[in-house]
Amino acid sequence: MEQAIAAYEPEIVICTGLAYGRAGISIERVAINVADFPWADNAGYLALNEVIDPEGENAYFSTLPIRRIMTAIRENQIPAYISNSAGTYCCNMLMYGTLNYIKKRQLPIKAGMIHVPYTPEMVIDKEFTMPSMSLDRMIQAVKTAAIISAEHQDDISVVCGMAQ
């Protein structure tokens, strides 16, 4: 991510990740300075209660207008909610690392993370109740998030969360 930010000098960074068992688009509120993996990553590494950056903040909040994003995605008839934790696995490391890099270099970049569900094809061999969403709807949701982030500096006050 650091190389991509340096190369492209974006105004907005929206990290995306795949979230097991989620039925909607999850707009992440916060990333924490902890790596504590439930299983090994693709390289076989298993982090256990590790600090991502000993000199970094304990946590970073998304700088995207997360409530506006959620509202706009829902207006497109796509399930979406605010998630209060990016977890402690790879997606959290990506979100935390991105926001940490931006903060330490004082870059004028808005950034955050969106988790997407599995596609229907990915759940064929999983338990029959596993939620999924079409790739087209996920792409529409991420495009909506990018447009809203580009058009709005501030967020709105609306009730948000999973129980809506």
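For the structure, see preceding data.
Here's what I pulled together on the structure shown here. Sequence positions are assigned chain by chain, starting from 1 and proceeding in written order. Local features in a predicted model are, by the rule used here, given only for residues with pLDDT of at least 70; side-chain atom pairs are given and counted only at 80 or more, and totals for whole chains, interfaces and linings are based on all residues. Heavy atoms from the whole structure form the basis of all side-chain values; hydrogens and water molecules are not counted.

A helix here means a DSSP run of H or I that spans at least four residues, while a strand means a run of E at least two residues long, and both kinds are numbered starting from the N terminus. A helix's residues, less one, multiplied by 1.5 Å, set its expected span. In this model, helix 3 (residues 90-104) (15 residues) spans 21 Å end to end at C-alpha, consistent with the 21 Å of a helix rising 1.5 Å per residue. Only protein chains enter the accessibility calculation, which uses a 1.4 Å probe. A residue is then buried if its area is under 20% of the maximum for its type, exposed if over 50%, and partly exposed in between. Buried within helix 3 are the following residues: Cys91, Asn92, Met95, Tyr96, Thr98, Leu99, Asn100, Tyr101 and Ile102. The contact definition used throughout considers only heavy atoms, calling two residues in contact when any of these lie within 4.5 Å. Looking at the buried residues of helix 3, the elements they touch are helix 1 (2-8), strand 1 (12-18), strand 2 (25-28), strand 3 (30-32), strand 4 (59-61) and strand 6 (110-116).

The next thing to look at is the side chain of threonine 98. Relative to the helices and strands, threonine 98 is located in helix 3. Polar contact is defined as a pair of N or O atoms within 3.5 Å, subject to the rule that within protein one atom must be able to donate a hydrogen and the other to accept it, and that residues adjacent in sequence are counted only when both atoms are side-chain atoms. Among the polar contacts made by the side chain of threonine 98, one reaches the main-chain carbonyl oxygen of leucine 94 at a distance of 2.7 Å. Not counting chain neighbours up to four residues away, the residues in contact with threonine 98 comprise Met1, Ile5, Val13, Cys15 and Ala111.

Our focus in this paragraph is the layout of surface pockets. The distinction between a cavity and a pocket rests on a 1 Å grid over the protein atoms alone: a 1.4 Å probe fits inside a cavity but cannot get out, while a pocket stays open yet meets protein on both sides within 12 Å along at least five of seven lines, and a residue with an atom within 4 Å of a point counts as lining. Grid points are joined across faces, edges and corners, and a volume is the space filled by probe spheres set on the points. The space that makes up the largest pocket amounts to roughly 300 Å³. As for the largest pocket, its lining consists of 13 residues, of which Leu18, Ala19, Tyr20, Tyr89 and His115 are closest to the centre. When grouped by side-chain class, the residues that make up the lining of the largest pocket number nine nonpolar, three polar and one charged. Throughout, the ten residues Ala, Val, Leu, Ile, Met, Phe, Trp, Tyr, Cys and Pro are labelled nonpolar, Asp, Glu, Lys and Arg are labelled charged, and all others, Gly among them, are labelled polar.

This part is about the pairing of strand 2. Side chains of strand 2 alternate between two faces, with Ile25 and Ile27 and Ser26 and Glu28 buried alike. Strands are labelled as partners when DSSP assigns at least two bridges between them. Where strand 2 and strand 5 (residues 80-83) come together, four bridges link them in parallel fashion. Counted as the bridge partner of serine 26 is tyrosine 81 from strand 5.

Here we take up the sheet that holds strand 6. Pairing between the strands of a sheet comes from backbone hydrogen bonds, and it takes one of two forms, parallel or antiparallel. One open sheet accounts for four strands, arranged 1-6-2-5; its pairing is mixed. The open sheet has two free edges, formed respectively by strand 1 and strand 5, since each of these has just one partner strand. Mean inter-strand twist for the sheet, computed between neighbouring axes without regard to direction, equals 30 degrees. Orientation is described by axes fitted as lines to C-alpha atoms, over the contacting stretch for helices, and by angles from 0 to 180 degrees between their N-to-C directions. On the sheet, helix 2 (residues 66-75) packs against strand 2 and strand 5 and is oriented at approximately 160 degrees with respect to strand 5. Against the sheet, helix 3 touches strand 1, strand 2 and strand 6, its axis set at about 170 degrees to strand 6.

With that out of the way, let us pick up unusual backbone geometry. Phi at glutamate 9 is positive, roughly 45 degrees, even though this residue is not glycine. In this structure, glutamate 9 sits in the loop between helix 1 and strand 1. Residue classification places glutamate 9 among the exposed positions, given a relative accessible area of 65%. Its identity is not glycine, yet glutamine 77 carries a phi of approximately 65 degrees, on the positive side.

A pair is scored as a salt bridge if a Lys or Arg side-chain nitrogen falls within 4 Å of a carboxyl oxygen belonging to Asp or Glu. Scanning the model with the defined rule gives three salt bridges in all. The partner of glutamate 28 in a salt bridge is arginine 22, with the nearest N and O atoms 2.9 Å apart. Taking relative accessible area as the criterion, glutamate 28 reaches 0% and is therefore assigned buried. Put simply, aspartate 154 and arginine 68 hold a salt bridge, and the shortest N to O gap is 3.3 Å.

Everything listed is a geometric property; what it means functionally is a separate question.
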